[in-house]
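Coordinate analysis (summary)
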Amino acid sequence: MPVLKLALAVTVPWCAGFLMGGGSVVNKSLDGGAQPEAMPSHALSADLPRAGDESREVSPAERRERVLAALRATMRLSDSERRMGGDASVVLKIGPEDIQAAIELVLKEGSDSPWSLLPQIVARWGDFDPKAAADYALTLKPGENWSRESLLTCLTTQWAGKNPAAAKAWALAMPMGKEQEAALDGVIDGMLQADPAATLAWVKTLPDELRPARAYSKIFEKWAERDPFAASPQALALLPGRTREHALNTVATYVAAKDPHAALDLLQQVPDSLPGYLDAVMHVFQNLAAKDSDEAVAVAISMKVDSGREFALGTLLSKAAQKGDKELARLLEKLPDEKNRIAALETAAWSISYTDAETAKKLALMLPAGKTRDESIVWVAEHIAPANGVAFLENHLAEGESKRDVVDRALWKWAVEDPHEALMWMMKSPGANAETLQYAIDQWAHEDPAAALELANLEPDGERKNILLSGAIKGLSFGDPRQAVELLARIPPGKMQADAAHRIAGAWAPHDPIGAAEWAVQIPDRASREAAMVRVTQAMVHTDIASTAAWLDKLRVGGERDVSVAAFAESVTSRDPESAVAWAATVADDRKREEAFCAVYRQWKANDAAAANRWLGATAALSAEAKKRIGPE
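Analysis parameters
- Residues numbered from 1 in each chain as written.
- Predicted model: local features only at pLDDT ≥ 70, side-chain atom pairs only at ≥ 80, totals over all residues.
- Heavy atoms only, no water.
- Helix = DSSP H or I, 4+ residues; strand = E, 2+ residues; numbered from the N terminus.
- Buried < 20%, exposed > 50% of the residue type's maximum accessible area, 1.4 Å probe, protein only.
- Contact = heavy atoms within 4.5 Å.
- Areas by Shrake-Rupley, 256 points an atom, 1.4 Å probe, with all protein chains shown as cover.
- Core = buried A, V, L, I, M, F, W, Y, C linked by side-chain atoms within 4.5 Å.
- Phe/Tyr/Trp six-rings, centres within 6.5 Å; stacked < 30°, edge-to-face > 60°.
- Patch = residues over 30% accessible without salt bridge, like charges linked within 9 Å, V, L, I, M, F, W, Y side chains within 5 Å.
- Salt bridge = Lys/Arg side-chain N within 4 Å of Asp/Glu carboxyl O.
- Lys, Arg positive; Asp, Glu negative; His and termini not counted.
- Charge placed at Lys NZ, Arg CZ, Asp CG, Glu CD.

Moving on, we get to the overall build of the protein chain. Tallying secondary structure elements over the protein chain gives 37 helices and two strands in all. Every one of the 633 residues in the protein chain was classed for burial, and the buried ones make up 49%. Sequence-distant contacts, at least 24 apart, represent 57% of the contacts inside the protein chain between residues at least 6 apart. Roughly 30,100 Å² of accessible area belongs to the protein chain as shown, and the carbon and sulfur atoms make up 53% of that amount.

So this is what it looks like as structure tokens:
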């Protein structure tokens, strides 16, 4: 990335990542300048050198005018151009004498730009006068794309890097609250750059109520990354507790690369329940194995913590398995204890399933038959490619009541990622679950309804053919609902036909409610007719409530009117609950009427429990027994 050299005599210790105008990041260059991402050439056109500038000195007033002109150009940039660094490059050209004019400009002439440029300019101000910038930041209200706390952290980081005593005093004098915590966080960040030990000593002096939540974690993460052996005794010197354990765990992770034995000694003082403990163990034993795999195994076996020992052995086994069967067999011979061997194989299969499916499968299959082996097979199958996982389950999972459920879950995942391939596999498997098959054909038919229909036509009559037809109907409903209607007659009356009718109505009614309604009332099968009518009603309500009500008034008394009215009442409850219960009262069938009242009441109660309960207590449309059935729970 090319270095943008600035004609400023000031070093720019910019807060990394604090470019709110789109979230771009400026990296510091060796000369204190910045390396922004590529930006549109027109963004800085107002700031480009003019012919003859090399031979004459530019006055401060002229230079400031150029900076302001560049800011005006930046305000006209699109969001995408800002994300490319168009605003960051301009802000970095602002000098200390330009700050006030730049702030006045964005406040006066900017629209939404003050909320992206203003905090950047204040952060830039912090390069020259962090106290003045921090005092000003406290007067700002957060914008849409930045927070005042983040700005304060940025400024106090800059300040503490130059004058830690002044920055600490300023932050400690602030009123308690999130702004003070942000400022103290920044002070810690700034001090850490120069002296982690001094930072730790200062943080220890802070009262508990003032100490930022992640103060110790931040210190030891930075310190351990820079010098883990210097950080190690300081972590050991902390008072017993979670803070000490987290610090030891962090330090051990970095120590492991140079001295895995020393890292392991640190981990002996950390509980295995600590987040990150097992990751630290993995680092230790990866480094031990790189030096001497036999010694690594011996050390792992000697560990007293069960989970640590199992994870360590699992780490070693997975590495050995990747080297080949010979190395894996050699390592397993060193694990004569069956409990250790089983735990190590299980852990190895689980941990490597994310990155090496074939090795993970091999390790899982080496486990003895039983619950642990089956659980490992399931775990591995769920973390590898679905097609691979389904075959692995079918071929190796022990037969039992749960096998079909596990395979169906894997098939469902496969159908999400590749419905056509999953469907082709299920067509060859007599035990494929009907619900999963339905989901796969639905997904594929949405992409290619003609091909789905062709597949359905090739299938002999039976449940599977009906499932395939139902999927084809769903796919066709969006593009050619009348062809879907013709196919509906090929599915025998029953639940599957009713579901298909519901799908047709759901796709057709939003675009042509009148046509869908005229078709729905003529469906011969009652269950299918009612299912379609419900969906048509729901679609019509979203278009025009008054027209839907007029249409309902014309329906003859019967099952399809009852379900349509119930659907209408439920749909309008949120807007007009009193009208909703009046409509529900017109349902002819006693059971359906009570169900309609119940649906309206439950929704009404969620929005206005007092009004809903008043209606329930006063209405004469329900018997006392019915009121008890649907009343307050």
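So, on to the nonpolar core. Grouped together as the largest cluster of nonpolar side chains are 181 residues, with contacts concentrated most on Phe220, Phe285 and Trp519. When residues in this core are grouped by element, the largest group, seven residues, is from helix H17 (residues 306-323). Those residues in contact with phenylalanine 285, other than ones at most four positions away along the chain, are Leu264, Ala296, Val299, Ala300, Met303, Ala312 and Leu316.

So, about helix H26 (residues 449-458). Restricting attention to buried positions, one finds in H26 the residues Ala451, Ala452, Leu453, Leu455 and Ala456. Buried-residue contacts for H26 involve helix H24 (419-427), helix H25 (434-447), helix H27 (463-479) and helix H28 (481-488).

If you walk through the whole model with that rule in mind, you get 11 aromatic pairs. With a centroid separation of 5.6 Å and an interplanar angle of 40°, the aromatic rings of phenylalanine 597 and tryptophan 615 are classed as tilted. Of the two residues, phenylalanine 597 sits in helix H35 (residues 590-607) while tryptophan 615 sits in helix H36 (residues 609-618), which places them 18 residues apart along the sequence. Pair check on accessibility: phenylalanine 597 and tryptophan 615 agree, each one buried.

For lysine 178, the location among the structural elements is in helix H9 (residues 178-194). A relative accessible area of 56% places lysine 178 in the exposed class. Distance in space between the C-alpha atoms of lysine 178 and arginine 148 is 9.8 Å, their sequence separation being 30 residues.

Turning to the environment of lysine 319, a few remarks are in order. Here lysine 319 lies in helix H17. C-alpha separation for the pair lysine 319 and alanine 289, spaced 30 residues apart in sequence, amounts to 8.7 Å.

Before going further, it helps to spend a moment on a negative patch on the surface. A grouping of Glu417, Asp418, Glu421, Glu447, Asp448 and Glu454 is seen on the molecular surface, where their side chains present a negatively charged patch. With respect to the helices, strands and loops of the structure, glutamate 417 is situated in helix H23 (residues 401-417). Judged by its relative accessible area of 53%, glutamate 417 is exposed.

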